[in-house]
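# Coordinates in review
So you can see what is in the structure, the chains are spelled out below.
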Amino acid sequence: MKYAWFYQTPLGEVGIAEEGGAVTNLFFGKTVRPQSFELRQTPLLEQAGAELDAYFRGSRQAFGIPLRPEGTPFEREVWELLLTIPYGETATYGELAKRLGKPAACRAVGRANGRNPISILIPCHRVIGANGKLTGYAGGIPAKEFLLKLERAALIP
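Position labels on residues start from 1 in each chain and follow its written sequence. Local features are withheld for residues below a pLDDT of 70 in this predicted model, meaning they are given only at 70 or higher, and side-chain atom pairs are given and counted only at 80 or more; totals for whole chains, interfaces and linings count all residues. To get the side-chain values, take all heavy atoms of the structure and skip hydrogens and water.

The next subject is the pattern of salt bridges. Within this document, salt bridges are pairs made up of a side-chain nitrogen of Lys or Arg and a carboxyl oxygen of Asp or Glu, the two lying within 4 Å of each other. In the structure shown here, the tally under the stated rule is 8 salt bridges. For Glu-70, the salt bridge goes to Lys-2, with nearest N and O atoms at 3.6 Å. Pair noted here: Glu-70 is in the loop between α1 (43-57) and α2 (73-82) and Lys-2 is in strand β1 (residues 2-9), with a separation of 68 residues, a long-range link. Of the residues examined, Glu-70 reaches a relative accessible area of 48% and is grouped as partly exposed. Think of it in three bands: with a 1.4 Å probe and only protein chains considered, a residue is buried below 20% of the maximum accessible area for its type, exposed above 50%, and partly exposed in between. A relative accessible area of 13% means that Lys-2 is categorised as buried. With its nearest N and O atoms 2.9 Å apart, the salt bridge here joins Glu-151 to Arg-126. In this pair, Glu-151 is assigned in helix α5 (residues 141-155) and Arg-126 in the loop between α4 (106-114) and β6 (127-128), connecting sequence segments 25 residues apart. For Arg-126, a relative accessible area of 6% translates into the label buried. Helix and strand assignments follow DSSP, with helices taken as H or I runs no shorter than four residues and strands as E runs no shorter than two, numbered in order from the N terminus.

Okay, structure coming up:
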């Protein structure tokens, strides 16, 4: 059984879902209210909400909760790579493709990035276009811009 709970954040309402002791989804606003999820705040979802709140306050740079995104082996490989992008920094799709040893796979990396089911916690917002411009984001470009500014501001002593 998947459980989900909704939290208010500076980006509006976000939902977090878990199954079997790991977070499986984070979704923005009312974009997802899966019928198969039971609305219940579990201890793990409460911890995830608290860590997300600390992140938005600028006092948390990494998340300590278990994550289990569902996707293809390639997507999971890309999502693992996203976790290596340092807080407050960005990488391009091309850079990620090269790190995977597949320099021609920029578009495939972009598709996998766009299918990330656990936004913010798996920081797909840190991926930008080759020209330095912000590209698509499930929460919208203003949300992506907000997250990048939040992280950069938290790094200033």
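What follows deals with the nonpolar core. In terms of nonpolar packing, the biggest core is built from 39 residues, with Leu-26, Leu-52, Leu-82 and Ile-120 touching the most fellow members. Of all the elements, α1 adds the most residues to this core, at 6 residues. Residues are treated as being in contact if the distance between any of their heavy atoms lies within 4.5 Å. Those residues in contact with Leu-82 that sit more than four places away from it in its chain are Leu-96, Asn-113, Asn-116, Ile-122, Pro-123, Cys-124 and Val-127. Nonpolar cores were defined as sets of buried Ala, Val, Leu, Ile, Met, Phe, Trp, Tyr and Cys residues, with membership established by side-chain atoms within 4.5 Å. If you look at the next biggest cluster of nonpolar residues, it comprises 5 residues, including Ala-4, Phe-6, Ala-17 and Phe-37.

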